[in-house]
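Residue-level structural notes
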Amino acid sequence: MSTLPVVVSDFLTRKMDLKANKWTVTLLVSWFFVGVGCNSVEKKIYVHLNYTVPCVRLLNATHQIGCQSALSGNVGVLHVLESEGNLDWVLRDGSNPPYMVILESPLFTRSIMMKLKNGASRVAGVAVVAPNTNPADGFSPHTTCPNENTGVYSEDYDPALAHCGVTVWNPLGNGLSYEEFGFPIFSLEDDNDTEVIRQCYIDHNRAVNGSTPQYPLCAMQLYSHMSAVTDTATCMRRNGINFSISPEMMCDPLGDYNVWASTRPLNNTAKGHKMGESVVIAAARLDSRSFFFNVAPGAQSSVSGFVTLLAAAHALRNATQEAQPNRTILYTFFQGETFDYIGSSRMVYDMENNQFAVDLDNVHSVLEIGQVRLRADSQLWLHSDPVSRRNGSVNEEVKKLIDNLHAAASGLSLSVGEPSFSQPLPPSSFQRFLRSRPIPGIVIADHQTNFTNRFYESMYDNTEYLNLSYPSNLTQDEQLEFVTETAKTLTEVATMVARVLYKQAGGEDSQMININADPQLMTQMLYGFLVRSNNTWFQQLIPSDLMSHLKDKPTNFYVGVSEQSSEPTFLVQYLLANLTGSAVNVTQENCQNQRADENDKDSKHMYSYLWVQGAAPPNSTEREGFCVRSTARLSKALSPAFDPLKEYTSKDYSTWTESRWKSIKGRIFLVASHELEMLTLGVGVGVLLTSLLLTYIISSKADILFSSGREPANATY
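Conventions and cut-offs
Numbering of residues starts from 1 in every chain and runs along the sequence as written. Restriction of local features to residues with pLDDT of at least 70 applies here, the model being predicted, together with a cutoff of 80 or more for giving and counting side-chain atom pairs; totals for whole chains, interfaces and linings are based on all residues. In computing side-chain properties, one takes all heavy atoms of the structure into account and sets aside hydrogens as well as water. DSSP bridges decide pairing: two strands pair if at least two such bridges lie between them. Secondary structure counts use DSSP, requiring at least four H or I residues in a row for a helix and at least two E residues in a row for a strand, with both numbered from the N terminus. Orientation is described by lines fitted to C-alpha atoms, with helices fitted over the stretch in contact, and by angles between N-to-C directions that extend from 0 to 180 degrees. Contacts: residue pairs with any heavy atoms within 4.5 Å of one another. Any Lys or Arg side-chain nitrogen located within 4 Å of an Asp or Glu carboxyl oxygen qualifies as a salt bridge. Three labels apply to residues, based on accessible area from a 1.4 Å probe with only protein chains included: buried if under 20% of the type maximum, exposed if over 50%, partly exposed otherwise in between. Reported orientations rely on four angle classes, namely roughly parallel under 35 degrees, roughly antiparallel over 145, roughly perpendicular from 65 to 115, and oblique for the rest. Two helices crossing with the near one rotated counterclockwise from the far one by less than a right angle form a left-handed crossing, whereas a clockwise rotation gives a right-handed crossing. A patch consists of residues exposed above 30% relative accessible area that lack any salt bridge, with like charges linked at up to 9 Å and nonpolar side chains (Val, Leu, Ile, Met, Phe, Trp, Tyr) linked at up to 5 Å. We get accessible surface area from the Shrake-Rupley algorithm with a probe of 1.4 Å; when it comes to residues, only the shown protein chains can shield them. Only a pair of cysteine sulfur atoms within 2.5 Å qualifies as a disulfide here. Values of pLDDT, the confidence the predictor places in each residue, fall between 0 and 100.

Details of the sheet that holds strand E19 (residues 608-612)
Strand order in the open sheet formed by three strands is E18-E20-E19, with antiparallel pairing between adjacent strands. Single-partner strands in this sheet number two, and they are strand E18 (582-584) and E19. When the angles between neighbouring strand axes are averaged without regard to direction, this sheet yields 40°. Here E18 pairs with strand E20 (residues 626-630) via three bridges, running antiparallel. Bridge assignment links valine 584 to a residue of E20, and that residue is cysteine 627. Across the face of the sheet, helix H15 (residues 567-580) comes into contact with E19 and E20 while running at roughly 105° to E19.

Structure below.
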């Protein structure tokens, strides 16, 4: 039998495989060039904005606040608002709505924003140019009575003191951060982006002598679609609906971790009451916020307080080790206080339920450091709760604490005093302790009545407002070491706080004069938190795997969601450990395993071990890491409403959540007139129909058009 058919078959098969491979290669090459071409065309059409910060959606038990775009983004013709009177063009007169309104920061006011909100049918979105300097007038997008429904002052506690009935703490608060906007609002943080937008507007959109701008017009598209809607209860219920292997979450609870340490080691494994233990709580808050996500400098509202407490803790390290007072000082730094006291309410809940190292019966008194940006008069005010002071024993302890504060301030260039009339406590973490039981305590602040902070919870509460400035000829490392006037004044406050804590804990009067805060330390902390966290000092105090979190810009103090700890939390944790603990001769492996050596089974209950990368010695690039042993620890700062209670409509605890999103971006481009778009569409449809008709004709006549003149001869083998 002949093998020729087999050979021919094999030849044809190989030929077909070769053709298939050629077609595959051709398709791949075609797809590559199409992709490159599309990418090139896309770059020619759009100018992407490099650094924008959105307003995002937040939810609580009753409603939603914030901003969002449509699923495919919002598109509008650019209009640079020059004054409030120019709003008529956007809301009524302009012939090309909807508009994407560009606001200079002085025009970012409640009056203008509410007019834009009410005219939302003609507004596609708003972009606010980030300010280079602070406004002359005050601006606070927070409410006039912060956290009024979750503090201690309710109708049941004292009706006269509820809802800021006596003192309106934040009179400049306009409530803008708690409004709901149906369009995206972005902050333009990049000067180059801002210049491109302005030029595009001038070239294409600006009306000249009252004439209507001609097409093509400059337009902007903003993407910030939010997944969550309505309220926290609705959002959390939808989180629990699983229709796929990888369900899509709609929102996450706000939360983080509290940071705490004690002057005497506390067994953190044995939770609950400690027999014979008496603690003085020294508290400060860590978080802040503004209208825009991830822009929360919090210079006066939070940083001034917690750096003061950190410096005081450092000043007390040697004193408490050499002559341990009778009581233990518990340093606590609370996260999420802006959003209905998340951190402090969680710690109180854990104390009440034997989930913390001590319980409320162990608490002797509380000293909280609030906003302490001193003015020219160097006056601090001592706030106490008039209701709990009706209890005789509490009142006596409060009087002793006030006397101790006066004694601690003597010899320093500051003075302390009590408000001249009876009023409630300002918004403070201490209120959450008072909700549980009467406890002696004082809140130190720089205001007698309403806040002196004119930019409370805003993007303007920054280094400029804290008067933190450096000579222009200094390098970054020189700025880090330069002791500013602000650092000097806050060092005085820290010295007073350290001395009064030592006295309140039962320390000897003779030792108080030796307790002094370090101005060099204070200036390094202010620089690290408010100017640039990526500096040589911070780098030494953290492990290498956290280096990527340091930024060449101020720290953002927005609390974020409970899925991860924020930059302020880990920085304060490592700072507190380094400032109150000590370096020990422990290997990196043992340090990371929370032990002094392989046989150590008990240290982890009393101490925390942290490995830090240290500094590089002279003429070397290799850092010399070491182990720090301290009592600094983290505890959960997640509202009990989520865990463990799962009460998403709770009136007692914070119910704030943050919506999830898929894309945050913005871009500008030129848009043609509607008539030209319709003409282009018509021509495109015409070309499509013509091509279909030609294809049909050619296909139907293919036997005529493509037939050869003769039949091929039959091949025989």
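Here we look at the pattern of salt bridges
Per the counting criterion, the structure on display carries 21 salt bridges. Residue glutamate 179 is joined to lysine 117 by a salt bridge in which the shortest nitrogen-to-oxygen separation is 3.0 Å. Of this pair, glutamate 179 sits in the loop between strand E7 (123-129) and strand E8 (185-188) while lysine 117 sits in helix H3 (residues 110-118), placing them 62 residues apart in sequence. Using a relative accessible area of 16% as the deciding quantity, one classes glutamate 179 as buried. Here the salt bridges do not stand alone but share partners, grouping Asp88, Arg92 and Asp93 into one network.

Quick notes on the sheet that holds strand E10 (residues 251-253)
Strand order in the open sheet formed by four strands is E4-E3-E22-E10, and the pairing between neighbours is antiparallel. Of all the strands in the sheet, the pair left with one neighbour each is strand E4 (64-65) and E10. Summarising the sheet, strand E3 (residues 58-59) and E4 pair through two bridges and their orientation is antiparallel. When the bridges of E4 are listed, leucine 58 appears paired with isoleucine 65.

Description of the packing of helix H6 (residues 299-322) against helix H11 (residues 485-504)
Two elements in contact, H6 and H11, have axes whose closest approach is 8 Å; the angle formed by their N-to-C orientations is 50°. Regarding the angle of H6 to H11, the classification is oblique. Every pair of crossing elements has a handedness; the one defined by H6 and H11 is right-handed. Facing Ser304, Val307, Thr308, Leu309, Ala311, Ala312, Ala315, Leu316, Ala319 and Thr320 of H6, the residues of H11 in contact are Leu490, Val493, Ala494, Val497, Ala498, Leu501 and Tyr502.

Structural notes on the environment of isoleucine 197
With respect to the helices and strands, the residue isoleucine 197 is situated in helix H4 (residues 191-204). Not counting residues within four places of it along the chain, the set of residues in contact with isoleucine 197 comprises Leu49, Leu78, Ile102, Leu188, Met220 and Ile668.

Remarks on a nonpolar patch on the surface
On the surface, Met678, Leu681, Val685, Leu688, Leu689 and Leu692 cluster together to form a nonpolar patch covering roughly 580 Å² of accessible area. The topology assignment puts leucine 692 in helix H18 (residues 674-700).

Section: the state of the cysteines
Following the criterion strictly, the structure yields five disulfides and no others. Between the sulfur of cysteine 235 and that of cysteine 251 lies a disulfide, 1.6 Å long from S to S. Taking the sign of the S-S torsion, -135° for the link of cysteine 235 and cysteine 251, the bridge is left-handed. Highlighted residues: cysteine 235 in helix H5 (residues 232-239) and cysteine 251 in strand E10, separated in sequence by 16 residues. Under the relative-accessibility criterion, cysteine 235 is labelled buried at 1%. Residue cysteine 251 is classed as buried on the basis of its relative accessible area, which comes to 0%. Each bonded cysteine of the protein chain gets a number by its place in the sequence, and the pairs then read 1-2, 3-4, 5-6, 7-8, 9-10.

Considerations on the confidence of the model for the protein chain
Here the protein chain shows a mean pLDDT of 89. Residues at 70 or above account for 92%. Within the protein chain, the element-level pLDDT minimum falls on helix H1 (residues 4-45), averaging 51, and the maximum on strand E12 (residues 279-285), averaging 98. Between residues 1-9, whose pLDDT stays under 50, and residues either more than four places distant or in other chains, the model counts one contact. In this model, residues 22-27 is a region of pLDDT below 50 whose contacts with residues beyond four sequence positions or in other chains number zero contacts.

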